[in-house]
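Structure at a glance
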Amino acid sequence: MKTIYLAGFDVFRQDAVAHGEALKQLCLRYGFEGWYPLDNSAPEHLSGRALAQWIYEANVDLIRRADLVMANMNPFRGHEPDSGTAFEAGFAIAMGKPVFVYLDEAQSLVQRIAVDERDDPPRHVDAAGYTVEDFGLNLNLMLACSATVVVGDAEQCLVRIAQSFDADPVVSGGDRRLG
């Protein structure tokens, strides 16, 4: 069974552990084993920088051992994906692992973020006056050109992953939607 590292800002949800378990069950239904960052338990004596370092090393180890990465790239605390999730996707890509990302938004960055057009030179800009890249992509080109982007939720992403790997979903009753 192929393993999937489940990247995303979901670890910051109030129900993060339960959400992770639901994601892992969803992975099983599609013939994969999901690995969630909160599956690791940090030693109780760690805090501050030492705890952060431990979490980093544990998550990087999971990515190294996983067959592929599935990442929630919905905007987090602004217009862009979570920076930690973007790092994890980039790390996996650098290792040659398949990366599938999902987000709700199909609109391009320009459609979502640009507030004005400037003539000198012609460009779209955001509220702070920074250029918004105009490639018709719904994510920054570094993510959109290196990963398989799925517009939808985690389940729709798993369907795409299963199709890519010819995995047979496990048929079971019940609701497959995540809360």
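Look up: the structure comes first, before these words.
Residues numbered from 1 in each chain as written. Predicted model: local features only at pLDDT ≥ 70, side-chain atom pairs only at ≥ 80, totals over all residues. Heavy atoms only, no water.

Some words on the overall build of the protein chain
Check the secondary structure of the protein chain and you find 6 helices and 7 strands. In the protein chain, the order of α-helices and β-strands from amino to carboxyl end is β-α-β-α-β-α-β-α-β-β-α-β-α. The principal-axis extents of the C-alpha atoms in the protein chain amount to approximately 55 × 45 × 30 Å. Taking all 179 residues of the protein chain together, the buried fraction comes to 40%. Taking the intrachain contacts of the protein chain between residues at least 6 apart in sequence as the baseline, contacts between residues at least 24 apart amount to 68%. For the protein chain, the accessible area works out to roughly 9,900 Å², and carbon and sulfur atoms hold 51% of it. Of note, the protein chain has its 15 positive side-chain charges centred 4 Å away from the centre of its 26 negative side-chain charges. (Helix = DSSP H or I, 4+ residues; strand = E, 2+ residues; numbered from the N terminus. Buried < 20%, exposed > 50% of the residue type's maximum accessible area, 1.4 Å probe, protein only. Contact = heavy atoms within 4.5 Å. Areas by Shrake-Rupley, 256 points an atom, 1.4 Å probe, with all protein chains shown as cover. Lys, Arg positive; Asp, Glu negative; His and termini not counted. Charge placed at Lys NZ, Arg CZ, Asp CG, Glu CD.)

Digging into the layout of surface pockets
Looking at the largest pocket, its volume works out to about 350 Å³. Lining the largest pocket we find 18 residues, and of these Tyr-5, Pro-37, Ile-55, Asn-59 and Glu-88 sit closest to its centre. If you tally residues by element for the lining of the largest pocket, the top one is helix α2 (residues 48-65), at 5 residues. (1 Å grid on protein atoms, 1.4 Å probe; cavity = no way out; pocket = protein on both sides within 12 Å on 5 of 7 lines; lining within 4 Å. Points joined across faces, edges and corners; volume = space filled by probe spheres on them.)

Things to note about the pattern of salt bridges
Counted under the stated rule, the structure contains 5 salt bridges. The partner of Asp-15 in a salt bridge is Arg-13, and the shortest N-O contact between them spans 2.7 Å. Overall, Asp-15 belongs to the partly exposed group, its relative accessible area being 34%. A relative accessible area of 28% places Arg-13 in the partly exposed class. (Salt bridge = Lys/Arg side-chain N within 4 Å of Asp/Glu carboxyl O.)

Quick look at unusual backbone geometry
In the Ramachandran plot, Arg-77 falls in the positive-phi region, its phi being about 60° despite a non-glycine side chain. Structurally, Arg-77 can be placed in the loop between β3 (68-72) and α3 (83-94). Look at Arg-77 and you get exposed, because its relative accessible area is 72%.

Focus on the pairing of strand β4 (residues 99-103)
In terms of residue burial, β4 counts as a mostly covered element, since 5 of its 5 residues are buried. Burial of β4 is two-sided: the residues Val-99, Val-101 and Leu-103 facing one way and the residues Phe-100 and Tyr-102 facing the other way are all buried. Where β3 lies against β4, 4 bridges are found, and the strand directions are parallel. Paired with Asn-72 across the strands is Tyr-102, a residue of β4. What joins β3 to β4 is α3, and the crossover it makes is right-handed. The sheet contact formed by β4 and strand β7 (residues 148-151) spans 4 bridges and is parallel. Counterpart to Tyr-102 in the pairing with β7 is Val-150. (Pairing = 2+ DSSP bridges. Right-handed = clockwise from strand over helix to strand, strands pointing away.)

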